[in-house]
Amino acid sequence: MFTRTESFREYATTFRAVTVLILIMMFVFVLVLFPIIPGNLLFYYGSGVNLLINDGQWWRLVTPIFLHSTFTHLLFNGFSLAIFGPALEKFLGSFKFLLFFLSTGILANIATFLFKPLTYTHIGASGAIFGLLGFFLYLVLFNKNYFTSNERNTVYTLTGIAIIMTFIQPQINVVGHFAGLATGILTAPLYWRNKW
């Protein structure tokens with residue numbers, strides 16, 4: 001389910017939503033590196049700053065999804081999206097996949113706003129990535145016939161590792177991770193029911 005054997009061209013044409021999301025993240029990260037548009041401006045206007053969200057800057061519930069602080073941060077989220085995204089895009093189609101990814105990311109950011117202090121600042125697509133895991137967790141728990149035993153065990157294992165890493169890595173938005181996972185599980189039936 002998560003094994004990819006396509007060429008880059010086949011991957012990009014088959015999984016367009018995943019490819020576009022990864023390219024946007026990479027493009028934004030490159031902009032931060034070059035002085036054409038000072039990176040500080042992108043972080044200044046795009047980071048999820050709870051105090052500024054509270055003041056009405058609601059776009060900050062969306063823009064953090066596409067911002068990453070380091071190459072390692074981008075690599076981890078981009079790689080996770082490249083691995084987990086295609087199977088779900090295949091299930092749902094590109095439009096519904098994109099809608100699901102963005103909505104879980106936004107809902108994770110809303111939870112961060114509600115449960116973290118006003119001084120809290122965050123960036124990254126992790127909430128949406130955990131939303132993907134939540135969707136697969138819903139599928140293997142309630143639609144077992146679609147998956148082999150090995151595929152179900154893979155989902156359980158990857159979800160467990162992701163949760164453990166949430167507590168091991170420093171400066172992680174724990175609220176965002178768990179909110180993404182929860183909203184992925186809870187909203188998955190809406191997308192799955194209307195899949196056909």
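Here, the structure is the one placed above.
Reference entry: report on the structure contained in this document.

The subject of this paragraph is the overall build of the protein. Across its full length, the protein holds nine helices and two strands. For a compact globule of 196 residues, the expected C-alpha radius of gyration is about 16 Å, and the protein comes in at 17 Å, within 12% of that figure. Along the three orthogonal principal directions, the C-alpha set of the protein runs to about 50 × 40 × 35 Å. By the burial criterion, 45% of the 196 residues in the protein qualify as buried. When the accessible surface of the protein is summed, it comes to about 10600 Å², and 70% of that surface belongs to carbon and sulfur atoms.

Glancing now at the packing of helix H6 (residues 94–115) against helix H9 (residues 174–193). Taken N-terminus to C-terminus, the directions of H6 and H9 make an angle of 140°; their axes are 8 Å apart at the nearest point. Between H6 and H9, the angle falls in the class oblique. Note that H6 runs across H9; the crossing there is right-handed. Together, Lys96, Leu99, Phe100, Ser103, Thr104, Leu107, Ala108, Ala111, Thr112 and Phe115 of H6 and Val175, Gly176, Ala179, Gly180, Thr183, Gly184, Thr187, Ala188 and Tyr191 of H9 make up the contact between the two elements. Considered class by class, the residues forming the contact of H6 with H9 number 10 nonpolar, eight polar and one charged.

We now examine the packing of aromatic side chains. Counted according to the given criterion, the structure contains 14 aromatic pairs. With a centroid separation of 6.1 Å and an interplanar angle of 85°, the aromatic rings of Phe91 and Phe147 are classed as edge-to-face. Highlighted residues: Phe91 in helix H5 (residues 71–92) and Phe147 in the loop between helix H7 (126–142) and helix H8 (149–168), separated in sequence by 56 residues. Taking the centre distance of 5.3 Å and the plane angle of 40° together, the rings of Tyr138 and Phe142 count as tilted. Of this pair, Tyr138 and Phe142 are both found in helix H7, four residues apart, which corresponds to roughly one turn of the helix. A network of ring pairs unites the aromatic residues Phe91, Tyr146, Phe147 and Trp192 as a single cluster. The ring of Tyr120 carries Lys116 above its face, with NZ or CZ at 4.7 Å from the centroid.

Our focus in this paragraph is the environment of Phe136. Positionally, Phe136 belongs in helix H7. For Phe136, the residues in contact, after removing those within four places along its chain, are Met1, Phe2, Phe84, Ala87, Leu88, Phe91 and Val155.

Let us look at the nonpolar core. By size, the foremost hydrophobic cluster in this structure holds 40 residues, and its most contacted members are Leu81, Leu88, Phe97, Phe101, Leu132, Phe135 and Phe136. Mapped onto this core, the elements with two or more residues apiece are helix H2 (16–33), H5, H6, H7, H8 and H9. Here the element with the most residues in this core is H7; it accounts for 11 residues.

It is worth spelling out the packing of H2 against H6 at this point. Here H2 crosses H6 at 45°, and the two axes come no closer than 8 Å. Comparing the axis directions of H2 and H6 gives the class oblique. Between H2 and H6, the contacting residues are Arg16, Ala17, Val18, Leu21 and Met25 on the first element and Ser94, Phe97, Leu98 and Phe101 on the second. Grouping the constituent residues of the contact of H2 with H6 by class yields seven nonpolar, one polar and one charged.

Here is what the cut-offs are and how they apply
- Residues numbered from 1 in each chain as written.
- Predicted model: local features only at pLDDT ≥ 70, side-chain atom pairs only at ≥ 80, totals over all residues.
- Heavy atoms only, no water.
- Helix = DSSP H or I, 4+ residues; strand = E, 2+ residues; numbered from the N terminus.
- Rg over C-alpha atoms; globule rule 2.2 N^0.38 Å.
- Buried < 20%, exposed > 50% of the residue type's maximum accessible area, 1.4 Å probe, protein only.
- Areas by Shrake-Rupley, 256 points an atom, 1.4 Å probe, with all protein chains shown as cover.
- Axes fitted to C-alpha atoms, helices over the stretch in contact; angles between N-to-C directions.
- Parallel < 35°, antiparallel > 145°, perpendicular 65-115°, else oblique.
- Left-handed = near helix turned anticlockwise from the far one by under 90°.
- Contact = heavy atoms within 4.5 Å.
- Nonpolar A, V, L, I, M, F, W, Y, C, P; charged D, E, K, R; others polar.
- Phe/Tyr/Trp six-rings, centres within 6.5 Å; stacked < 30°, edge-to-face > 60°.
- Lys NZ or Arg CZ within 6 Å of the ring centre and 35° of its normal.
- Core = buried A, V, L, I, M, F, W, Y, C linked by side-chain atoms within 4.5 Å.

Bear in mind that shape data such as this cannot, by itself, settle questions of function.
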